[in-house]
Amino acid sequence: MPAVRKDVEATLVDRPDVDGATVIDYGAPGPVLALVRPDGFCSGPELRDACAEVLEAAASRITVVLATELPDLADGFPDPESLLAESVYVYRYEPATTETEERVVALWNRILDRSRTGVTDDFLDLGGDSVSAVRVVAEIRNEFGVDVDLMRFFNNPSVRHVAALVDAGRDRGTTG
């Protein structure tokens, strides 16, 4: 088992919220899929971040998939696209690509006391709640001069969606 697979698997199976894990490394620049069978509640972004710490420079390659069954690798690695297509809970780090996304990421990291947030991460999966959401909306108003409706925030609580709401509000020159 290559070092990447072995190290990421060891990180995952040592966690109390993980019942089992299988890691598939398709080789750089391909993905590293961490298939995780949770033991109760598991935070996908938290698992992804734990794997990313092990991978360091190759952290962007990690994708965590919460699964009820782990594949038998005796017959080789399954196709990564089919694994991802069949899975409901997939956590992949996607970095900010716009200035607004970068600023919203920084804001969420500060409020949620995180060091790494991707643009597709769900606010609630990251530990956010209604109180911290009110803080985020207030900080957006202070930093961007845009009002984001709390219900619209919760309709799709990802950095990408919230940044789009901010940009739309700034484009209209109104609150939204």
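Residues numbered from 1 in each chain as written. Predicted model: local features only at pLDDT ≥ 70, side-chain atom pairs only at ≥ 80, totals over all residues. Heavy atoms only, no water.

Caption draft 1: Spatial organisation of the packing of helix α4 (residues 99–112) against helix α7 (residues 159–172). For the pair α4 and α7, interaxial distance at closest approach is 9 Å and the crossing angle is 120°. On the basis of the axis angle, α4 is oblique to α7. For the crossing formed where α4 meets α7, the hand is right-handed. Between α4, through T100, E101, R103, V104, V105 and W108, and α7, the contact on the second element is made entirely by V159, R160, V162, A163, V166, D167 and R170. Of the residues in the contact of α4 with α7, the class split is seven nonpolar, one polar and five charged. (Axes fitted to C-alpha atoms, helices over the stretch in contact; angles between N-to-C directions. Helix = DSSP H or I, 4+ residues; strand = E, 2+ residues; numbered from the N terminus. Parallel < 35°, antiparallel > 145°, perpendicular 65-115°, else oblique. Left-handed = near helix turned anticlockwise from the far one by under 90°. Contact = heavy atoms within 4.5 Å. Nonpolar A, V, L, I, M, F, W, Y, C, P; charged D, E, K, R; others polar.)

Caption draft 2: Structural view of the nonpolar core. Judged by nonpolar contacts, the single largest core of 22 residues is most densely connected at V104, W108, F123, V136, I140, V148 and F153. Sorting the residues of this core by element identifies α4, α5 (130–144) and α7 as the ones contributing at least two each. Ranked by residues supplied to this core, first place goes to α4 with six residues. Filtering out sequence-adjacent residues up to four positions away, W108 remains in contact with D113, T117, D121, F123, L126, V136, F153, P157, S158, V159 and V162. Grouped together as the second largest cluster of nonpolar side chains are 18 residues, A21, V32, A34 and A52 included. (Core = buried A, V, L, I, M, F, W, Y, C linked by side-chain atoms within 4.5 Å. Buried < 20%, exposed > 50% of the residue type's maximum accessible area, 1.4 Å probe, protein only.)

Caption draft 3: Structural detail: α7. Helix length check: α7 (14 residues) gives 20 Å between terminal C-alpha atoms against 20 Å at 1.5 Å per residue, within 8%. Listed as buried for α7 are V159, V162, A163, L165, V166 and G169. The buried side chains of α7 occupy one side of the element, clustering within an arc of 155° when seen end-on. Tucked inside the fold, the buried residues of α7 contact α4, α5 and α6 (150–155). (Expected span 1.5 Å × (residues − 1). Arc of directions from axis to C-beta.)

So far we have only geometry, and geometry alone does not tell us how the molecule works.
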